[in-house]
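Residue-level structure breakdown
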Amino acid sequence: MSEENEPLEPNDNEQNLEPQETITKVTGMYKDWFLDYASYVILERAVPAIEDGFKPVQRRIMHSMKDLDDGRYNKVANIVGHTMQYHPHGDASIADAMVQIGQKDLLIDTQGNWGNVLTGDRAAASRYIEARLSKFALDVVYNPKITEWQSSYDGRRKEPINLPVMFPLLLAQGGEGIAVGLSTKILPHNFIELIDASVKHLKGKRFTILPDFPTAGNADFSNYNDGLRGGKVRVRAKISPGDKNTLVITEIPFSTTTSSLIDSILKANEKGKIKIKKIEDNTAANVEILIHLPSGLSPDKTIDALYAFTSCETSISPLGCVIEDNKPYFVGVSEMLRRSTDNTVQLLKSELEIKLSEYEEQWHFASLERIFIEKRIYRDIEEEETWDGVISAIDRGLQPHIKHLKRAITVDDITRLTEIRIKRISKFDIDKAQQKIDALEDLIAQVKHHLAHLIDYAIAYFERLKKDYGEGKERKTEIRIFDDVDATKVVIRNTKLYVNREEGFIGTALRRDEYVCDCSDIDDIIVFTNDGKMMVTKVDSKTFIGKNIIHVDVFKKKDKRTIYNMIYRDGKSGPSYIKRFAVTSMTRDREYDLTNGNKGSALLYFSANPNGEAEIVTIMLRQAGSIKKLKWDVNFSDILIKGRTSKGNQVTKYSIKRVELKEKGVSTLKPRKIWFDDTVQRLNVDSRGELVGEFRGEDRLLVITQSGMVKTMTPELTSHFDSDMIVLEKWIPKKPISAIYYDGEKERYYVKRFIIEQEGKEELFISDHSNSQLEIVSTDWRPMADVEFTKERGKERKENMEVNLEAFISVKGITALGNQLTKDKINQVSLLESLPYEAEESVPADELEVVDEEMLSSESTTNDTDESDLDDTTGQATLF
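To keep things clear, this report deals only with the structure shown in the data block. A quick note: this is a predicted structure, and the numbers were derived from the prediction, not measured.

Rules of the game
Residues numbered from 1 in each chain as written. Predicted model: local features only at pLDDT ≥ 70, side-chain atom pairs only at ≥ 80, totals over all residues. Heavy atoms only, no water. Phe/Tyr/Trp six-rings, centres within 6.5 Å; stacked < 30°, edge-to-face > 60°. Lys NZ or Arg CZ within 6 Å of the ring centre and 35° of its normal. Axes fitted to C-alpha atoms, helices over the stretch in contact; angles between N-to-C directions. Helix = DSSP H or I, 4+ residues; strand = E, 2+ residues; numbered from the N terminus. Parallel < 35°, antiparallel > 145°, perpendicular 65-115°, else oblique. Contact = heavy atoms within 4.5 Å. Nonpolar A, V, L, I, M, F, W, Y, C, P; charged D, E, K, R; others polar. Pairing = 2+ DSSP bridges. Core = buried A, V, L, I, M, F, W, Y, C linked by side-chain atoms within 4.5 Å. Buried < 20%, exposed > 50% of the residue type's maximum accessible area, 1.4 Å probe, protein only. Expected span 1.5 Å × (residues − 1). Left-handed = near helix turned anticlockwise from the far one by under 90°. Salt bridge = Lys/Arg side-chain N within 4 Å of Asp/Glu carboxyl O.

**Focus on the packing of aromatic side chains**
Two measures describe an aromatic ring pair: the distance that separates the ring centres and the angle between the ring planes. One pass over the full model with this rule turns up 21 aromatic pairs. Among the aromatic residues, those joined into a cluster by ring pairs are Phe136, Phe167, Phe191 and Tyr469. The positively charged end of lysine 406 is found above the aromatic ring belonging to tryptophan 363, 4.6 Å away from the centroid. Residue placement shows lysine 473 over the ring face of phenylalanine 191; its charged tip is 5.4 Å from the ring centre.

**Structural notes on the packing of helix H10 (residues 333-374) against helix H15 (residues 454-469)**
One can describe the packing of H10 onto H15 by two numbers: an axis separation of 10 Å at closest approach and a directional angle of 105°. Between H10 and H15, the crossing angle belongs to the class labelled roughly perpendicular. Across from Thr341, Thr344, Val345, Leu348, Lys349 and Leu352 in H10, the residues of H15 making contact are Leu454, Ile455, Tyr457, Ala458, Tyr461 and Phe462. Its residues placed into classes, the contact of H10 with H15 shows nine nonpolar, two polar and one charged.

**Some words on the sheet that holds strand S8 (residues 218-223)**
In space, the four strands of this open sheet follow the order S14-S9-S8-S17, with mixed pairing throughout. Strands with a single pairing partner mark the edges of an open sheet, and in this sheet they are strand S14 (313-316) and strand S17 (478-479).

**As for the nonpolar core**
Across soluble globular proteins, nonpolar side chains have a tendency to be buried as a group. Met98, Leu107, Phe136, Val141, Phe167, Phe213 and Leu398 are the most contacted members of the largest nonpolar core, which has 100 residues in total. Looking at this core element by element, the count peaks at 16 residues for H10. Grouped together as the second largest cluster of nonpolar side chains are 23 residues, Ile252, Ile265, Ala268 and Ala305 included.

**Quick word on helix H14 (residues 430-452)**
The terminal C-alpha atoms of H14, which comprises 23 residues, lie 33 Å apart, in line with the 33 Å expected from a rise of 1.5 Å per residue. For H14, the complete set of buried residues consists of Ala433, Ile437, Leu440, Ile444 and Val447. Summarising the contacts, the buried residues of H14 are in contact with H10.

**Thoughts on the packing of helix H7 (residues 191-202) against H15**
Across the interface, H7 lies against H15 with an axial gap of 10 Å and an inter-helix angle of 170°. Overall, the two elements H7 and H15 adopt an arrangement that is roughly antiparallel. Judged by the twist between their axes, the crossing of H7 over H15 is left-handed. Here Phe191, Ile192, Ile195, Asp196, Ser198, Val199 and Leu202 of H7 lie close against H15, whose contacting residues are Ile455, Ala458, Ile459, Phe462, Glu463, Leu465, Lys466 and Tyr469.

**Topic: H15**
The first and last C-alpha atoms of H15 sit 22 Å apart over 16 residues, in line with the 22 Å expected at 1.5 Å per residue. Within H15, the full set of buried residues consists of Leu454, Tyr457, Ala458, Ile459, Tyr461, Phe462, Leu465 and Tyr469. Of the surrounding secondary structure, the elements contacted by the buried residues of H15 are helix H5 (135-140), H7, H10 and H14.

**Here's the deal with the pattern of salt bridges**
A complete count under the given rule lists 41 salt bridges for this structure. With a shortest N-O distance of 3.0 Å, arginine 407 and aspartate 413 are connected by a salt bridge. On the basis of relative accessible area, aspartate 413 is assigned to the buried category, the value being 4%. Of the charged contacts in the structure, one is a salt bridge between lysine 798 and aspartate 824, with a shortest N-O distance of 2.5 Å. Placement of lysine 798 in the loop between strand S44 (784-789) and strand S45 (801-804) and of aspartate 824 in the loop between strand S46 (819-820) and strand S47 (826-832) is noted, with a sequence separation of 26 residues between them. A relative accessible area of 45% places lysine 798 in the partly exposed class.

**Focus on the sheet that holds strand S12 (residues 278-281)**
Pairing between sheet strands relies on hydrogen bonds along the backbone, with the strands arranged either parallel or antiparallel. Read across the sheet, four strands follow the order S10-S11-S13-S12 without closing on themselves; strand pairing throughout is antiparallel. Each having just a single partner strand, strand S10 (238-243) and S12 make up the two edges of the open sheet. Between one strand axis and the next, the sheet turns by 20° as a mean value, whatever way the strands run. Of the pairings in the sheet, the one linking S10 to strand S11 (residues 246-251) comprises five bridges and is antiparallel in character. By the bridge assignment, serine 240 is partnered in S11 with valine 248.

Next up, the structure:
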């Protein structure tokens, strides 16, 4: 603090007649005021309480609605105005909070336009919409007898400290808030699953609860972490192909709307990440977004691109923070459920204890009333002149008859007896009075039984809630495990790559130079030069690699099927070597020497082979000395595939004049084994799931769905499959497909056998009537079926019929109706064990095992993936 702000010292020679000025430091004010403000925002605005799951404004809204509740709808504006008696903030915050509660469709029965969580449309003004408490809210939220009360902010009224909510409401509705220094994000969970988990907890069993979103969609909860900090939930839109040029989005990720989703798709299209023709939003009660694709674009690849580059996949980070004992408390959803369930048990116990007290009080007074009237004690007060005398007379009259009572008689009890009217005494029915007492005794016994078996009572309570309110609250979000989408494999090649071989430049801005291929701005490019150097670099407008470039292409990480064949001279005059290798991993922008490293080394022959092709080349030597053999052939299939750092096999110690390509090669790689992982509904080459088969370049998959669609397709790892898929196997073109189906138009069962003639085309092999239904389908050579007939009234059931489908009908076209199976009514058709058949064995092609050296795994590259690509194009050769 400066000197001029220092307090002045009194002068001994002057009288201090005026009061001294006091100075308050700003730091102290800031510290106290900010802490008060932060505490207020945390406790009174942003974070819900663990006891009832409400934020203060939500609790006051629910309390106000109970104040106003008469079974009819109230204007929201009226409810907001009534809530302002308890809430110290403006009407806008109350109205917004109320709309959020109403949109969750649990506590408030709404009427009017309350907005749309799917489209993001806002609710109408509060004067136009109405609300009342739902039956569920009236059942589980309120009980004034067990509610603790406090004064409202102005001291004029009483409001609940916490509402006695007997249900895990916070987990059902979810909660989100940003306070000062902390935030909370509790995801909504499924109503029925919460009840089932509560019951499991009460029974001492383990349970797991996972979020369920009102917008449905698919979600991966493998990293949910029980809703604690550090967890992550991946949510995806539900996208399916409408036809070959259309995609349909029917469910959207939580935390998005159709508007925000469409905006993200349009932005990705503008940036060239995806390609679409147009997009339509037909959302009303249900989501329907149509994405029209350009012709020739893969729908499967576009679906993955939508997940990679748009809001069709979002990541949500939960954070379980609640208020407990006026302090923030970080807790997982499992512990929240346990706390809520245990709290419900205690509330039920308090409710039962109050009921027991009330029933016992009613029984006590009913017994006193019966004695008072039956023993005519009321006559004892006729001659009493004072009130004390009346009380004493009644007390004396009751004493001989009160041995069976459960508590002593009080003055209040006697006073109540004096208030009984003469008319009631004159019409008193002893039998009815005894029946009432007996009924109360039964109720008391029942309540005591519930208290003695409190856990069983709580379980029955939760099961009643499930029965009464669980209809229509089934899980909406499908639980899945997602495969990571490799963005480099699904991004649209939206730019062109060029090369200047002599000067050694590559890039997208070299439009006057040689065109190489289409690429995207996130691709890696692999480049080889004449001196045996190799480099992988990011796509850029212009990048210098090195002079005399011989090969440029988009680099595919961990691609073991692209094999590079090369012959190089070691040094200026050294021997020549031949080698084959794959490039599966490397460090970006690092130069690698593929030769032996001696100065003057040069490539004599180079080819890049996307499917491991091994060509035959002719070696021609220079005439020197007494060399007899100047020309011979070398077959690359005789060379093992090793790592890129291997020296290779010596070709000759003499000088090579040139190397000529004699014959293009065929693939030397083994057929690729492909598995199908049912968990993620994806193909893979990592031995996950069920083995589909071994595939060469020309092999295809056979896919059949329950709806009667059949198609063949190339086994791409990015392929998507319909949820009703029933057959997925390697396609054998000559193998017939057998089916029994019900024709909806003719109302008959038909048998057909056919062979697919149009590869890659999706075809319907049953009739297209809405009632047509596929019963069984088999891809065995000689399938057998068992037909069970319907029992006719008054007759014995006809014996089952076994059908040899091969003998029943010959192979016909896919559009043929087929032969009628039977005229009798059929109850069920099922497949039996097929008849034996020996298929012709195909002669396998020459196979060469890929040898991976340990050094391949020691050099890592960024963003490696686990997938390899299947490419049947021929290799590119460079001759020198």
